[in-house]
Structures are given as C-alpha cells and as structure tokens.
Amino acid sequence: QVQLVESGGGLVQAGGSLRLSCAASGRTFSTNAMNWYRRAPGKERELVGTAGSTGGSPTYADSVKGRFTISRDNTKNTVYLQMNSLKPQDTAVYYCNAFRPLGMTFNSYWGQGTQVTVSS
C-alpha cells in the first residue's frame, strides 16, 4: 500500500507560482512512476505530467509544457510540481498518483487532491 498526501495548493494571481508536494508512505516509492493529474470544474481529468521510476526527463501535457516542472526526491519519498506563469485555466484540483505495472496488472494509488485557484 502507498498513501499519498498532497500539499501546497492555494489561491494565486495569474502569472504567479505555486509548488505542490506529494509525500508518499511505504518503501516502494522509487519503483513507482509518479503522476500529477488535475480536474477542473466540468472537465475531464487531465494528466499534467509524469516522473518515471527509472529516471529520465519528465513528460508534460502540452498545456503546461514550459511552465510546470516535476521533480522527485526518492530519499524523501516526495514528488513536486513547480507551477510557474499560472493562468486562470490552471484552476483545478490537483492529484498525485503513484503507478506501478505488475505484469498483467498494476497498482495505482491516489492522493486526496489539493485545490489550486488562479485569479485573473
């Protein structure tokens, strides 16, 4: 089992920055791909970006590329989402997800979400 707790959300003006954190319990953090998703009111859930378990560069949705940065610290069991140049359309609940494929199945764990509101 992996438990995820997000923090760092809040209200910010357009053009501002926020850094979200997702702290994970358990000893298998480094073996999980860590994803950030968001869901805006009335919209489908969107994958914001992924930090893979094997290193390499994170990947991002086109809507946030160049503005958001994902990083992970396996020594602290924590993944971060640095959000710069925020726009009102970034307003959403942001969720952290830990994903690990296991042969023909997978494990997927979710945090409770943290609200990000960007005012114009």
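What comes next concerns the included structure. (Residues numbered from 1 in each chain as written. Predicted model: local features only at pLDDT ≥ 70, side-chain atom pairs only at ≥ 80, totals over all residues. Heavy atoms only, no water.)

1. Quick word on the pattern of salt bridges
Consideration 1: Counted by the stated rule, this structure contains four salt bridges.
Consideration 2: Note that Glu46 is salt-bridged to Arg38, the shortest N-O span being 2.8 Å.
Consideration 3: Residue Asp90 is joined to Arg38 by a salt bridge in which the shortest nitrogen-to-oxygen separation is 2.9 Å. With a gap of 52 residues between them, Asp90 in the loop between β8 (78–83) and β9 (92–102) and Arg38 in strand β4 (residues 33–39) connect regions that are remote in the sequence. You'll find Asp90 and Arg38 in the same group, each marked buried. (Salt bridge = Lys/Arg side-chain N within 4 Å of Asp/Glu carboxyl O. Helix = DSSP H or I, 4+ residues; strand = E, 2+ residues; numbered from the N terminus. Buried < 20%, exposed > 50% of the residue type's maximum accessible area, 1.4 Å probe, protein only.)

2. Side note on the environment of Ser120
Consideration 1: By the secondary structure assignment, Ser120 is in the segment after β11 (114–119).
Consideration 2: You can call Ser120 exposed: its relative accessible area is 87%.
Consideration 3: Distance from Ser120 to Gln13, taken between C-alpha atoms, is 6.2 Å for residues 107 residues apart in sequence.
Consideration 4: Leaving out residues up to four positions away in the same chain, Ser120 has contacts with Ala14 and Pro88. (Contact = heavy atoms within 4.5 Å.)

3. Observations concerning the packing of aromatic side chains
Consideration 1: In this structure the tally under the stated criterion is two aromatic pairs.
Consideration 2: Of note, Arg45 hangs over the ring of Tyr37, and the distance from its end group to the ring centre comes to 5.1 Å.
Consideration 3: Positioned above the aromatic ring of Phe29 is the side chain of Arg72, whose terminal nitrogen or guanidinium carbon lies 4.7 Å from the ring centre. (Phe/Tyr/Trp six-rings, centres within 6.5 Å; stacked < 30°, edge-to-face > 60°. Lys NZ or Arg CZ within 6 Å of the ring centre and 35° of its normal.)

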